[in-house]
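If you want the building blocks of each chain, they are given just below.
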Amino acid sequence: MRLQLPIWARKRVAGLTVRVKADGIPAGASLEITDVQLQQGKLTTGPTPSVQELGVRAGGGRQYRNGVIHEGLEVVALANGDRAAPVRVQVRGQGNVRVGSFRFGNVQGTAVVDGRAGTATQGWGRAPMVTERADLWLPCKLDDRAHMRVQWDEMGD
């Protein structure tokens, strides 16, 4: 379950207490809170899911992550493969878009860069790469919001 709610304050917040109240839980059942994300500002990046919720498969296989990106957002796609893997990035939106070091330029619709194939429908730069035993970190610069989908094949031992 994910709850997302803006909390507006008229002045600087000195502290915050979060209490969780659950009604109607069956006898003998328990409630476990695993992740809480708080962030400032009105542009939310959305909830931070656990690796199990994302469907990350241990031992390799095709991986996908997607979501809405906006100016200044730093995307962290959970990975952790045994070997480096080239990434395919697809963005859908309008205006100038840069994801990581790849500059798509002025996107009007959909644009794709594929690191494994070494191709791009438009733009220039290096396609993103998931490095060995690390997550994929992508700073975003764009005129407006866009939808981004990243894909890679995790390489096993």
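Fair warning: this is a prediction, and the values are worked out from it, not measured in the lab.

J.: Help me understand the overall build of the protein chain in this model?
T.: When helices and strands are counted, the protein chain shows one helix and nine strands. For the protein chain, the N- to C-terminal ordering of α and β elements is α-β-β-β-β-β-β-β-β-β. Within the protein chain, the fraction of its 157 residues that count as buried is 27%. Partitioning the contacts of the protein chain with sequence separation of at least 6, the portion at a separation of at least 24 is 65%. Summing over all exposed atoms, the protein chain offers an accessible surface of approximately 11400 Å²; the carbon and sulfur share of this is 49%.

J.: Looking at this structure, I do not really get the nonpolar core. What am I missing?
T.: When a protein is soluble and globular, its nonpolar side chains tend to lie buried together. Counting residues in hydrophobic clusters, the biggest one holds 25 residues, and the most contacted among them are Ile 69, Val 89, Val 91, Val 99, Phe 104, Met 148 and Trp 152. Listed by contribution, the elements that provide at least two residues to this core are strand S2 (74-77), strand S4 (88-99), strand S5 (102-114), strand S8 (136-142) and strand S9 (146-154). For this core, the element with the most residues is S5, which contributes five residues. In contact with Ile 69, not counting residues within four places along its chain, are Val 75, Val 99, Cys 140, Leu 142, Asp 144, Arg 145, Ala 146 and Met 148.

J.: Mind showing me how you'd approach the pattern of salt bridges here?
T.: Once their charged atoms are close, side chains differing in charge can pair, the charge on each being opposite to the other. Taken as a whole and assessed by the stated rule, the structure comprises three salt bridges. Note that Arg 62 is salt-bridged to Asp 153, the shortest N-O span being 2.9 Å. You can see Arg 62 sitting in strand S1 (residues 61-69) and its partner Asp 153 sitting in strand S9, a full 91 residues away along the chain. Its salt-bridge partner being Arg 116, residue Asp 153 comes within 2.7 Å of it at the nearest N-O pair. Of this pair, Asp 153 sits in strand S9 while Arg 116 sits in the loop between S5 and strand S6 (119-120), placing them 37 residues apart in sequence.

J.: Please clarify how the packing of aromatic side chains should be interpreted in this entry.
T.: This model, assessed by the stated rule, comprises one aromatic pair. Relative to Phe 104, the ring of Phe 102 has its centre 4.8 Å away and its plane inclined at 70 degrees; by these criteria the two rings are edge-to-face. No difference in accessibility class separates Phe 102 from Phe 104, as the two residues are buried.

J.: Looking at this structure, how should I read the environment of Thr 119?
T.: Along the chain, the position of Thr 119 falls in strand S6. The partly exposed category is assigned to Thr 119, whose relative accessible area is 44%. Between the C-alpha atom of Thr 119 and that of Arg 88, which follows or precedes it by 31 residues, the distance is 9.4 Å.

J.: What is the right way to look at the pairing of S2 in this model?
T.: The two faces of the sheet receive side chains in turn, since in a regular strand these alternate between them. Side-chain alternation along S2 places Val 75 and Ala 77 on a buried face and Glu 74 and Val 76 on a face that remains uncovered. In this structure, S2 lies alongside S8, joined through four bridges in antiparallel fashion. In the strand pairing of S8, Ala 77 is matched with Leu 136.

J.: Can you help me understand the environment of Leu 138 in this one?
T.: Inspection of the secondary structure assignment puts Leu 138 in strand S8. It is 6.4 Å that separates the C-alpha atoms of Leu 138 and Val 76, two residues lying 62 residues apart in sequence. If we skip the residues at most four places from it in the chain, Leu 138 touches Leu 73, Glu 74, Val 75, Val 99, Gly 100, Pro 128, Met 148 and Val 150.

J.: I'm lost on the confidence of the model for the protein chain in this one. Help?
T.: Caution applies to low-pLDDT regions: their predicted coordinates should not be interpreted in detail. Per-chain confidence: the protein chain averages 81 in pLDDT, with 78% of residues scoring 70 or above. Here helix H1 (residues 51-54) is the element of the protein chain with the lowest mean pLDDT, 52, and S6 is the one with the highest, 98.

Quick notes on the rules
- Residues numbered from 1 in each chain as written.
- Predicted model: local features only at pLDDT ≥ 70, side-chain atom pairs only at ≥ 80, totals over all residues.
- Heavy atoms only, no water.
- Helix = DSSP H or I, 4+ residues; strand = E, 2+ residues; numbered from the N terminus.
- Buried < 20%, exposed > 50% of the residue type's maximum accessible area, 1.4 Å probe, protein only.
- Contact = heavy atoms within 4.5 Å.
- Areas by Shrake-Rupley, 256 points an atom, 1.4 Å probe, with all protein chains shown as cover.
- Core = buried A, V, L, I, M, F, W, Y, C linked by side-chain atoms within 4.5 Å.
- Salt bridge = Lys/Arg side-chain N within 4 Å of Asp/Glu carboxyl O.
- Phe/Tyr/Trp six-rings, centres within 6.5 Å; stacked < 30°, edge-to-face > 60°.
- Pairing = 2+ DSSP bridges.
- pLDDT = per-residue confidence, 0-100.

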